[in-house]
Amino acid sequence: MGVSITFLGGAGTVTGSKYLVKHLDRSVLVDCGLFQGYKQLRQRNWTPLSIAPGQLDAVVLTHAHLDHSGYLPLLVKEGFAGHVYATPGTRDLCRILLPDSGHIQEEDAEFANRHQFSKHAPALPLYTQQDALDALPLIKTVAFGKSFTPIPGWKFSFSAAGHILGAASVLLELAGRRILFSGDLGRPDDLIMSPPEDAPQADTVLIESTYGDRTHPHEDMLAELAPALHRVAKRGGVAVVPVFAVGRAQALLHAIHLLKVKGELPNSLPVFLDSPMAVHTTHLFESHPGEHRLSKQDTRALTHHATMINSTDESRALASRHGPMVILSASGMATGGRVLHHLAHYASNHRNMIILTGYQAPGTRGGTLASGAKTVRIHGRDVEVNAEVVQMQSASAHADANQLLAWLRTMPGAPSQVYVVHGEAGPADTLRSRILRELGWRAQVPEQGSTWPT
């Protein structure tokens, strides 16, 4: 019997990445992500997997973003007790991200119950902070380039993917086949992260397609950010910047610091990082110097040139301050967290600005704001959007279509099959078409729940 892959997530959408690999009577889950965005996607998180968690032999994570790791606490809660393999950077980030995810879900459920805007009585979290803490001891770290065998005959290895700290592509060698999972690939020209390593030879490739139908502009983040912050500062407004606590928060902090050093922004412009998760993540850059472009001086600047907000009281106090100021706050697609309170407070004022800094999945509040909507629903009420909304094109941490193809071209030889995953239908199919046309490789977009040979 051959090796099969069942696409339990990350198929036809950019969220919920879960790839179940089976051979004979053994099985490994590569990535263990939460579904985010549209309600019908989020509801999938409550649907049991097609395999009982206790029957899984191991989990392998490409990186720590919640759409790749955030289902892990629920998997453990429901009976998974094996090892979870990850790079040291991914383990360190999971220690921050997963308990925070559980905490936010508990907070959101409690808020919904207090204000009685949930259809469920009572509203329950998908998992708790304690569930996440219970899952963390299962994570076993493996360095980039070192092979590991969670099951006899199943040989895995990690190669650097850029994107965020710890992010990896995963190569599985099994039953004479080589299967490559790209994970989320970073940009070769990213402001802070090192570029992805070349792709190793494989028979089957799963390639992400978040930006499979577009290319990033030539304009860099500094050139795009400076005029936006100039405008909002000039009118005395507040810039609310939903950021991904891992990666984009640090890139934005670095960019604002560089603009101040160059004299393109006044040193007096106050900047606040209101996300304990992002604050803790920022300190991790000192622990993983080989994965990013920042010098020791740069990493120190990340934490010294902005005010780090930790407590909820400090966060609430920001509402009593007058602009101009910049508030960076998680989450990046405005799906939860403290940024919702800032958006609810500042979105209705025309002097203010909302700066979107990365991919905004359809169905998220970030996606709603990016579409030009005049209202956005926050905590059960519709908030008017009179603030200027700026969608940055240069801040993405994902490779664009040309960069994805360039990464595939680094593979020594053609694979026999490419599966295009982790993209909305349009971008995924566009990339599939380009792979077929430009590389001459067999490529297809698998459907959610489908099973394919390798």
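The structure this text deals with has already been given above.
K.L.:
What's the story with the packing of aromatic side chains in this structure? I'm lost.
P.N.:
Each aromatic ring pair is summarised here by two numbers: the centre-to-centre distance and the angle between the ring planes. A complete count under the given rule lists eight aromatic pairs for this structure. For the pair Phe-148 and Phe-158, a centre-to-centre distance of 5.3 Å together with 35 degrees between the ring planes defines the contact as tilted. With a gap of ten residues between them, Phe-148 in strand S7 (residues 147–151) and Phe-158 in strand S8 (residues 154–160) connect regions that are remote in the sequence. The buried category is assigned to Phe-148, whose relative accessible area is 7%. Residue classification places Phe-158 among the buried positions, given a relative accessible area of 2%. With centroids separated by 5.8 Å and ring planes inclined at 80 degrees, the aromatic side chains of Tyr-211 and Tyr-359 adopt a geometry described as edge-to-face. Taken together, the residues Tyr-211 in the loop between strand S11 (204–208) and helix H6 (221–234) and Tyr-359 in the loop between strand S16 (353–356) and helix H12 (365–370) connect sequence positions 148 residues apart. Judged by its relative accessible area of 8%, Tyr-211 falls in the buried class. Clustering of aromatic rings is evident, with ring pairs tying together Phe-7, Tyr-19, Phe-181, Tyr-419 and Trp-452. Sitting above the plane of the Tyr-71 ring, Lys-18 keeps its charged end 4.6 Å from the centroid.

K.L.:
Looking at this model, I keep getting lost on the layout of surface pockets. Mind explaining?
P.N.:
Using a probe with the size of a water molecule, rolled over the atoms, empty space left in the structure can be pinpointed. The volume enclosed by the second largest pocket comes to roughly 250 Å³. Lining the second largest pocket are 16 residues, with Arg-187, Asp-189, Asp-220, Met-221 and Ser-394 positioned closest to its centre. Its residues placed into classes, the lining of the second largest pocket shows four nonpolar, five polar and seven charged.

K.L.:
Sorry, what's going on with the pairing of strand S17 (residues 375–378) here?
P.N.:
Successive residues of a regular strand alternate their side chains across the two faces of the sheet. Only one face of S17 is buried: it carries Val-376 and Ile-378, and the other face, with Thr-375 and Arg-377, is open. Relative to strand S18 (residues 381–384), S17 is paired through four bridges, and the arrangement is antiparallel. The partner of Val-376 across the bridge, within S18, is Val-383. The hairpin turn running from S17 into S18, its antiparallel successor, is two residues long, and His-379 in that turn takes a positive phi close to 50 degrees.

What counts, and at which threshold
Residues numbered from 1 in each chain as written. Predicted model: local features only at pLDDT ≥ 70, side-chain atom pairs only at ≥ 80, totals over all residues. Heavy atoms only, no water. Phe/Tyr/Trp six-rings, centres within 6.5 Å; stacked < 30°, edge-to-face > 60°. Helix = DSSP H or I, 4+ residues; strand = E, 2+ residues; numbered from the N terminus. Buried < 20%, exposed > 50% of the residue type's maximum accessible area, 1.4 Å probe, protein only. Lys NZ or Arg CZ within 6 Å of the ring centre and 35° of its normal. 1 Å grid on protein atoms, 1.4 Å probe; cavity = no way out; pocket = protein on both sides within 12 Å on 5 of 7 lines; lining within 4 Å. Points joined across faces, edges and corners; volume = space filled by probe spheres on them. Nonpolar A, V, L, I, M, F, W, Y, C, P; charged D, E, K, R; others polar. Pairing = 2+ DSSP bridges.

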